[in-house]
Each structure stands twice: as C-alpha cells, then as structure tokens.
Amino acid sequence: MTAALVKVPLHTVAHSRTGDKGNRLNASLIAYDPALYPYLAAQVTAERVAELFSMRGAVQVRRYDLPRLSAFNFVIDDVLEGGVNGSLNLDGHGKTLSFLLLTLSVEVPPDMVRSKHGHSGPGIPRPLRGHS
Amino acid sequence: MTRTVYIGGGAGFADERPDAVQVLVGTLERRSGPHYVILETLAERTLALAQLERRRDPEAGYTPQLKAFLQPILARCLASGIRIVCNSGAANPLGAARVALQCATELAIPSLKVAVVEGDDLLGQLPENTIRSWPVIEGLPFGSEPLLAANVYLGARPIVDALALGADLVITGRCTDSALVLGPLAHEFGWAADDWDRLAAGTLAGHLLECSAHVSGGYFADPGYKDVPDLARVGFPIAEVGPDGEMIITKADDTGGLVSIATVTEQLLYEMHDPAAYVVPDVVLDVTEASLEATGPNRVRVRGARGHPAPETLKATVSIEGGWLGEGEITYAGPNALARAQLAADVLAERLRIVGIQVPTRLDLIGSVSSFDSDAGMLRRKRNFDADGEYRVRLAGNAPDRRTAERIANEVIGLYSTGPAGGGGVRRTVTPRVHTRSVLLDRSLVRPAARLVTEAAR
C-alpha cells in the first residue's frame, strides 16, 4: 500500500538559509510540502549533518524541530574556521553552506518531490540543465 | 486607540541600496495610522571599524551612507509623519545626529527633531580590565591586546524614551537589531516592560524586518525551485502590527519580490539558535508555537510568538585588532585548466616555504566548490571536476602585519612571469582585520539614555 520511496537530493524537497554567530552556524531546513516533514525528521538527523560538516571541523550539531513551520533548525558549532573576522575561506560567513546541507540525499514518496519549475509532481525532478 | 502600526524595513546592512527605502516610503505615505521606517546598518564588526574611523576623525564613526539614506526621504517622512529609527550612529550617534540636522538645513526643513540613544559604548565608561573580566561566550579568551571597541547591545526601552521626546528621527549606536521595531511598537501601544508575549511579538516583527528584503524575496530565489518575480525591483518589507502583537508581513506596493510562508519561514529562523529562547535585552522570544498563514498575495499573517522574562545579563561585543588579511587570485580557463590551476596552487604553496612565510594560509581552486571546502582542501581531493573548465586560484593568508599580507598577495601576481601557462586576471587585496569576542555583563552596569540634539554639524 505504501508506494516505493525514491532517493533524491534534499534540494528537491526542502530549502535552507544559513546564518552565523561567531564560529557557530545555523542552518534552517524547510520542507516544501508539510507532508514531507516526518520523512525529513527521520532521515536528516543531527548525526548525518555532523558527518556532512565534519570536514569543516564540526563536532557538535543540535537539531531543533519546528513542526508547525514544517522546519528544522540545525546549530553547527566550530564550523566557520574561527568566524567571519578570522576565517580564510572566501565565504567567512558560511552563507553558501545552506546549499551544502541540501546535497544530502533523502528517500521520499515520489509524488512529494518538487520538480524544477516549482510544482510537485510524479517522479524524479527534471535535470537542472537543458530546459528551454 | 491605535489599531495598526506600519513599520517598513528600509535597510538591513550598511551597504544596502539607498533607493529601496525611497520606494518603501512611497507606500508608507499611503497608509493611515502610525508609520515608521527602520534602517539597520550595524553588523557585528562594523562598529569596531567605525570606532577606528572616529579615532582618526572625531566627527566620523557613524554609518558613512547615512546621508545617502536620509537625504531623499527626510522631507517626505516629515511631511507624512513617518518616523525613522536607525542604528546608524554606530560609534558616534551624536555625530550622526548633527549630520542629519545639517541635511535637514540643506533641505530647508526647519523643524526636524532628532534624538540619540547613548550608553552602549562601554570603553568610555568602564576600565578595560573590568571588561576583560566578564565571561566570554563567543570567541577566544582575552590576551593583553588593546581593546578597540566594547559596545553592549541595548534594547528597545531607550528607543521608546526617544520617541516619547517627540523625535522624528531616532539614532542609536549598538542596539539589538529587532529593538528598532520593538521600540516603536512598545511606544505606540504602551506595552509594559513585563508584557512578555507582546514584547516577544514585537521582537519577532523586528527579527523579520531587520534584514530588509530577506523576508520579501531577497536572498531567497533558486530558479526553478523558488522563483521570485522581478527580483531586480524587490520590494522592501512592511509589518502591519496590531495591539496584541499579531502582524501581517507584506511589502512595498508595485514592486518585485515575494512575501510567502516560505520567505517568512527562512527569515524567521535566520541567525536563530534555540527557537524556544531567542534572547534580546527586552525579552526571551519563543517561536516554537508560531504559525504562519497566507492571507492574500504577498501577505502572511504571523501569530503565536511567546515571551519569557528578560535576561539578567546583556551581551556586549568587544573588538581587538586582528592583523591583516592578504589575498591574491588568478584565473585559468580552457584546455587542461584544472591541471594548470592545481600547478599554480602547488607553486604558491612551495613559494611560501621558499620565502619563509609561515603564517596561516589557504589555497582555493574557485570553481571546485571551494567555498564548501576546509582550509586543507579535503573536499577538492575527493571529487572530480571538469579538466577543461575555468578555475580561479586564490591564496589567502592571515598576517600579523601589513607587509607580510602584501607579500602573500604579491606571490600571486608573481605568477604572471613564473607560473603555469595562460594565467590571467590577477587581483590583490590587503585588508585590516578586527577580531571580536562576545561577553556577558550584569545589566545594572548599563545606563542607556535618550536625548534630543539640536546643534547641526557645521
């Protein structure tokens, strides 16, 4: 009775914005469809996010759940190489890192995947390039 | 009794485009009822840079763009009763007030009332050793470096006081960004200092407006996934707030951009840590029960902010000198570009050893998702990139002195004669750095004050 899940990049089912305070990054993760929330809650764990950011030095990640907003807030410590005033990274604020979070993969029902052009629809989203 | 207060977010950082607030004022002029525009122009490190400016020139140290923001809107705001609240005073609110008065004189506005909020500058009030003794909550412990600036985040109360003096324009130094909005709301609705849920709602309104277009479609678009109409003309946001703190977030009329549940949610969680405890001087905001509802095109209703008692401590940002950042970049494109760029990076690393530069440095291959990468380039080594694409090699180093930073940048331009084939477009930058520490202090040590200023700059 449950349709087979499809594995997709988080980018096709959720959006994110990062913010910095010192050497600490916060990344929101907001489901496009509230029905996705339990799938993200089960799969986008603090441990997985810590693993994704481990090469940047992240040790501790806390996840705060905001079900009324279909959203999560990840707080990632010690990931900004000292923060914007000391970092040698071109993006010392970590502003681009929202899209690193969105590279994680998740398994969701196919009809919940957002295809490019903004509509939920069946199947895998169309490829990024080549649309006219 | 006042039913709705209209507040526009006219600037979210010091380098905001100044024409956006002019469009915003055009919309606010057409709203009857109390209306305000805020200008938030003070990032964490901006104040230390402003303090250095003021040391060079005692009349300086406020937001340099202040006049560019004010000059086109001042007469219109005064004519229609739109009051302006800004933190553009930075290290010198009084200097900023004098510039605003001078601007009014030039525009033949005789009656502009300007108030300043002071008391955030701790270096003028307390010994450095007292400041060094406070607990550091962000950043490294203090060494013996001289302090460049120490400013405590003030809350909304002194802004309420300034508005009660009848000010058309309120200029603060360091205050918490959301206080620029909570101040007018608490003033208009007479919210008590322990009316936690309403203070929380006003703080949430401020949090949503403080980054200007962040809530109205700016910094949001992801083509094909999150589309925003007419982004080049993105409209700046307006909060329509009622006496109980319920609000509609919308934007300037006849503009591009988008206000939707998604745009509001992104800004709601921006720079937030524990969503149940967003601490500002006036209240602790809890957004875990907040709810959003689209009530029309570009209109989102926000409800459910809850408040807890204000903290006993306040946060201050303390700035110390942070040495110099030296950077140089060079581009390689076309056949075998990745290998040529990698060779350039290898040559630069070896050159640093040869010339004995031992400060922390980093090498990027821009075009290989380098902004995600660590200083050690771990990600780049794990993945494959287009051998024939376009890559920009970047060398950056933190140096204790300007000369060393220049030598780091100069190693990159040296590649014009000594690097791989076909390198071009070298740029070099040398920038002084300021390090910051966040500390907590007992709020009884802080005495904010608001007063009217009457003397223009000459």
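Residue numbering note: each chain is counted from 1, following its sequence as written. Chains carry letters from A onward and ligands carry numbers from 1 onward, assigned in written order. Confidence filtering applies because this is a predicted model: local features only for residues at pLDDT of at least 70, side-chain atom pairs given and counted only at 80 or more, and all residues used for totals across whole chains, interfaces and linings.

1. Comments concerning the overall build of chain A
For clarity, the threshold we go by: What counts as a helix is a DSSP run of H or I of at least four residues, what counts as a strand is a run of E of at least two, and both are numbered from the N terminus. Counting other C-beta atoms within 10 Å of a residue's own tells you its class, since 20 or more makes it buried, 12 or fewer makes it exposed, and anything in between is partly exposed; those C-beta atoms are placed from the backbone.
Across its full length, chain A carries three helices and seven strands. In chain A, buried positions account for 45% of the 132 residues.

2. Focus on the sheet that holds strand S8 (residues 237–241) of chain B
Residue and element names in this part refer to chain B. As a reminder, the rule being used: Criterion used throughout: strands pair if DSSP finds at least two bridges between them. For helices, the fitted line uses only the C-alpha atoms of the stretch in contact; every axis is such a line through C-alpha atoms, and the angle between N-to-C directions lies from 0 to 180 degrees. This entry defines residue contacts through backbone-placed C-beta atoms, with two residues in contact when those atoms are within 7 Å.
The ten strands lie next to each other as S12-S13-S9-S8-S1-S2-S3-S7-S4-S19, forming an open sheet whose pairing is mixed. Each having just a single partner strand, strand S12 (291–296) and strand S19 (449–453) make up the two edges of the open sheet. Going across the sheet, the axis of each strand differs from the next one's by a mean of 25 degrees, ignoring polarity. The sheet contacts of helix H10 (residues 261–268) involve strand S9 (247–251), S12 and strand S13 (299–303), and relative to S12 the element is tilted by about 145 degrees.

3. Concerning the pairing of strand S7 (residues 105–108) of chain A
Residue and element names in this part refer to chain A. Burial of the side chains of S7 is restricted to one face: Val106 and Val108 are buried, whereas none of Ser105 and Glu107 on the reverse face is. Examined bridge by bridge, strand S1 (residues 6–9) and S7 share four bridges and lie antiparallel to one another. Directly across from Lys7, in S7, lies its bridge partner Glu107.

4. Structural notes on the sheet that holds strand S10 (residues 278–280) of chain B
Residues and elements named next belong to chain B. Taken in spatial order, the three strands line up as S10-S11-S14 in an open sheet, and their pairing is antiparallel. Two strands close off the open sheet at either side, each with one partner strand: S10 and strand S14 (306–308). Pairs of neighbouring strands in the sheet enclose a mean axial angle of 30 degrees, with direction left out of account. In this fold helix H9 (residues 196–209) packs onto S10, strand S11 (283–286) and S14, with an angle of close to 70 degrees to the strand it touches most, S11.

5. Brief notes about the packing of helix H7 (residues 157–164) of chain B against helix H8 (residues 179–189) of chain B
Residues and elements named next belong to chain B. Going by this rule: Convention used here: angles under 35 degrees read as roughly parallel, angles over 145 as roughly antiparallel, angles from 65 to 115 as roughly perpendicular, and any remaining angle as oblique. Handedness of each helix crossing follows the sense of rotation of the near helix against the far helix: counterclockwise by less than a right angle gives left-handed, clockwise gives right-handed. The residue classification treats Ala, Val, Leu, Ile, Met, Phe, Trp, Tyr, Cys and Pro as nonpolar and Asp, Glu, Lys and Arg as charged. All others, Gly included, are polar.
It is at 8 Å that the axes of H7 and H8 come closest, and there the two elements cross at 50 degrees. One finds that H7 runs oblique with respect to H8. Viewed along their axes, H7 and H8 form a crossing whose handedness is right-handed. Every residue of H8 that contacts H7 at Ile159, Val160, Leu163 and Ala164 is listed here: Ala179, Gly183, Pro184, Ala186 and His187. Taken together, the residues that form the contact of H7 with H8 break down as seven nonpolar, two polar and no charged.

6. Focus on the interface of chain A and chain B
Counting residues at the interface gives 32 residues for chain A, matched by 41 residues for chain B. Of the residues belonging to the side of chain A that touches chain B, the class tally is eleven nonpolar, 13 polar and eight charged.

7. Here's the deal with the packing of H8(B) against H9(B)
Residue and element names in this part refer to chain B. Between H8 and H9, the shortest axis-to-axis distance is 7 Å and the interhelical angle comes to 135 degrees. Our classification of the angle between H8 and H9 gives oblique. Considering the relative orientation of H8 and H9, their crossing is right-handed. For the pair H8 and H9, the contacting residues are Ala179, Leu180, Val181, Leu182, Leu185 and Ala186 in the first and Leu199, Gly202, Thr203, Ala205, Gly206 and Leu209 in the second. Residue composition of the contact of H8 with H9, by class: nine nonpolar, three polar and no charged.

8. A closer look at the pairing of S8(B)
Residue and element names in this part refer to chain B. Among the five residues in S8, five count as buried, and that is most of the element. Residues Pro237, Ala239 and Val241 of S8 are buried on one face, and the alternating residues Ile238 and Glu240, pointing to the opposite face, are buried as well. Here strand S1 (residues 5–11) pairs with S8 via four bridges, running antiparallel. Residue pairing in the sheet places Tyr6 in a bridge with Glu240 of S8.

9. As for unusual backbone geometry
All names here are of chain B. Even without being a glycine, Asp230 presents a positive backbone phi close to 45 degrees. Structurally, the position occupied by Asp230 is in the loop between H9 and S8. Taking the C-beta count within 10 Å as the criterion, Asp230 has 12 such neighbours and is therefore assigned exposed. Of note in this structure, Asn298 is not a glycine but carries a positive phi near 55 degrees.

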